[in-house]
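Remarks on the overall topology
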Amino acid sequence: MTASNAMNQLTSFTVPQSRADITEDEIEAVAQTLRSGWLTSGPAVRKFEKAFSDYLGGKAHTTATNSATLGLTTALKALGIGPGDEVITTTNTFTATALAIYHLGATPVLVDIDHTLCIDPNRIEAAITSRTRAIIPVHLGGLACDMDAIHDIASRKGLLVIEDAAHALPTSSRGEMVGAGRSAATVFSFYATKSITTGEGGMITCPDPALAERMKRLRLHGINSDAFNRLNGNSWLYDVTEDGFKANMTDISASLGLVQLAKLEKMWQRREKVAERYYEGLKGLPLTMPAKPLPNDRHAWHLFMVQLQPEARIHRNEFISLMAGLGVQCSVHYVPLHRHTLWKKVLDFDVREFPVAEKAFSRSVSLPIFSSMTDSEVNTVIEATRSLLQ
Ligand SMILES: *Cc1c(COP(=O)(O)O)cnc(C)c1O
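Summarised in this report is the structure supplied together with it. Keep in mind the model is a prediction, meaning the values are calculated, not measured. (Residues numbered from 1 in each chain as written. Predicted model: local features only at pLDDT ≥ 70, side-chain atom pairs only at ≥ 80, totals over all residues. Heavy atoms only, no water.)

Considering the packing of helix 4 (residues 68-78) against helix 7 (residues 209-218)
For clarity, the cut-off: Convention adopted: a line fitted to C-alpha atoms gives each axis, helices being fitted over their contacting stretch, and angles between N-to-C directions are expressed from 0 to 180 degrees. Each helix is a run of H or I in the DSSP string that is no shorter than four residues. Each strand is a run of E no shorter than two, and both are numbered from the N terminus. Here roughly perpendicular refers to angles of 65 to 115 degrees, roughly parallel to angles under 35, roughly antiparallel to angles over 145, and oblique to all remaining angles. Should the near helix be turned anticlockwise from the far one by less than a right angle, the crossing is left-handed, and should it be turned clockwise, the crossing is right-handed. Here, two residues are considered to be in contact whenever any of their heavy atoms come within 4.5 Å of each other. Classification used: nonpolar for Ala, Val, Leu, Ile, Met, Phe, Trp, Tyr, Cys and Pro, charged for Asp, Glu, Lys and Arg, polar for all others including Gly.
Running from N to C, helix 4 and helix 7 point in directions that differ by 125°, and their axes come no closer than 9 Å. Classed by the angle they form, the pair helix 4 and helix 7 counts as oblique. The element helix 4 and its partner helix 7 pack so that their crossing is right-handed. Listed contacts from helix 7 to Thr74, Ala75, Lys77 and Ala78 of helix 4 are Leu211, Arg214, Met215 and Leu218. Along the lines of polarity and charge, the residues of the contact of helix 4 with helix 7 split into five nonpolar, one polar and two charged.

Some words on the layout of surface pockets
We apply this condition: Put simply, the grid is 1 Å and covers the protein atoms alone, a cavity is a trapped set of points that fit a 1.4 Å probe, a pocket is an open set with protein on both sides within 12 Å along at least five of seven lines, and lining residues have an atom within 4 Å of a point. Grid points are joined across faces, edges and corners, and a volume is the space filled by probe spheres set on the points. Throughout, the edges of the domains are those of an automatic or database domain assignment.
The space that makes up the largest pocket amounts to roughly 520 Å³. Secondary structure elements with two or more residues in the lining of the largest pocket: helix 4 and helix 5 (95-102). Class assignment of the residues belonging to the lining of the largest pocket gives a composition of 10 nonpolar, 13 polar and four charged. Split by domain, the lining of the largest pocket shows at least three residues from each of two domains, domain 1 (3-262) and domain 2 (264-389).

Regarding the packing of helix 4 against helix 5
The interhelical angle for the contact between helix 4 and helix 5, taken along N-to-C directions, is 35°, at an axis separation of 8 Å. Read as a crossing pair, helix 4 and helix 5 show a hand that is right-handed. Every residue of helix 5 that contacts helix 4 at Thr69, Leu72, Thr73 and Leu76 is listed here: Ala96, Thr97, Ala100 and Ile101. Partitioning the contact of helix 4 with helix 5 into residue classes produces five nonpolar, three polar and no charged.

Some words on the site of the ligand
This is how it is decided: In these notes, residues near a molecule or strand are those with any non-hydrogen atom within 4 Å of it. N or O atoms within 3.5 Å of each other form a polar contact, as long as, within protein, one can give a hydrogen and the other can take it, and as long as residues adjacent in sequence are counted only when both atoms are side-chain atoms. Note on areas: Shrake-Rupley with a 1.4 Å probe; residue coverage comes only from the protein chains shown. Grid points define the cavity or pocket, and a molecule sits in it when more than half of its atoms lie within 2 Å of them.
Around the ligand lies a shell of 16 residues, among which Thr69, Asp164, His167, Ser189 and Lys194 are the nearest. At a separation of 2.8 Å, a nitrogen atom of the ligand approaches a polar side-chain atom of aspartate 164. One of the side-chain N or O atoms of serine 189 is found 2.7 Å from an oxygen atom in the ligand. The protein chains hide 94% of the 380 Å² of surface that the ligand would expose on its own. Of all the cavities here, the one that holds the ligand is the largest pocket.

Let's talk about the environment of tyrosine 55
Tracing the chain through its elements places tyrosine 55 in helix 3 (residues 43-55). Distance in space between the C-alpha atoms of tyrosine 55 and serine 371 is 19 Å, their sequence separation being 316 residues. Discounting residues that sit within four places of it in the chain, tyrosine 55 has contacts with Leu169, Pro170, Met177, Leu261, Leu264 and Glu265.

Brief notes about the sheet that holds strand 10 (residues 287-288)
Working definition: the strands of a sheet are paired by backbone hydrogen bonds and lie parallel or antiparallel to each other. Counted only if it meets this: Here a strand pair is declared whenever DSSP counts at least two bridges between the two strands.
One open sheet holds the three strands; their spatial order is 10-11-12, and the pairing between them is antiparallel. This sheet does not close on itself; its edge strands, each paired only once, are strand 10 and strand 12 (364-367). Both strand 11 (residues 304-308) and strand 12 contribute to a ladder of four bridges, which runs antiparallel. Looking at the pairing, glutamine 307 lines up with serine 364 of strand 12.

Focus on the pattern of salt bridges
Just so we agree on the cut-off: Salt bridges, as used here, are contacts in which a Lys or Arg side-chain nitrogen is within 4 Å of a carboxyl oxygen on Asp or Glu.
All told, the structure shown has 24 salt bridges when counted by the stated rule. We note a salt bridge from aspartate 375 to arginine 277, for which the minimum N-O separation is 3.0 Å. With aspartate 375 in helix 13 (residues 375-389) and arginine 277 in helix 9 (residues 251-281), this pair connects stretches of sequence that are 98 residues apart. In this structure, glutamate 358 and arginine 339 form a salt bridge, with 2.9 Å as the shortest nitrogen-oxygen distance. Highlighted residues: glutamate 358 in helix 12 (residues 355-363) and arginine 339 in the loop between helix 10 (316-325) and helix 11 (341-346), separated in sequence by 19 residues. Ionic contacts of the salt-bridge type, sharing partners, join the residues Glu125, Asp152, Arg156 and Lys157 into one network.

Interpretation in functional terms is not warranted from these geometric data alone.
Quick look at the structure:
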């Protein structure tokens, strides 16, 4: 049985929302790491960090973590964010973006989106107070936010920019790869559904080598050197210099990530092909198609989010259950943060601050898109959608 046959059995859907693209190469790489005897952060993590930096052009300093959530927390802490600080982000994101801020004792400040489904740069300035320290834009679905506008506000107001790039590999913006070094820090996710996976994992990139060193300490309890250095330097002595996290990546994950990263361009090409077929195959239906990237920019196509227009005369929830009946697993990205019990309880906002996100949420549907998607799976999605909307 191949790896992908085994995984098909995990879902009852003909076409799942996503499926990790794992082959015997990944399995062999992980097996080799297990045989090597070095399981936690060691040579494979170093190699993965170097390969990731090379992929982005070689200038970014990279710090591998066990998740993007703790990657964001580590990056924010390294940049000095803490109690009393406010950090602006979008309401249309996964709860992890806001949790990373909240766990440091800082306050997430939610801002509405624009038609791209990313944070509306025109609404950022109104959310800035004397406590605001940073902005975390989220490249939703893999489409780059308007980084020129965001950096312009940040530099005028003296704010840091930390990019949540969980969806944005490989995304480029204004001719530069996301994560290559424009912002103070950028964080990628290698969760099972993301464009490359290490099972669980993340990567922080930043232009400042001293900051990267601090992140490397913070990801391992705040100890001044990692276990690999200690054992290889034959030294038992270590010093705890700050209150860090347990956020290091294992060599098991990194060896998986190295194989995935080598395939990233090919996997991305397939995602783009799937997106092209959706634009073509869904023409003429009462759907708002995803915003396209600017010329020369690259959309990672982590998600393919359409919106049902009022003329579709079908509620989004009903559409998703009918699609499920036809074997296609759809999703919604996201239930905006301002709708969740936790954030309603601990943050101070009025739902009327988010008219665009409210409207997008009520109509939004994410169609399946993943690199191991076959032509016949793409056709199944197109035919199911046409049968419900034509
Ligand atoms: C997946 C995701 C995260 C968290 O990533 P983990 O690696 O699972 O911690 C953060 N932000 C966004 C937008 C995500 O989609």
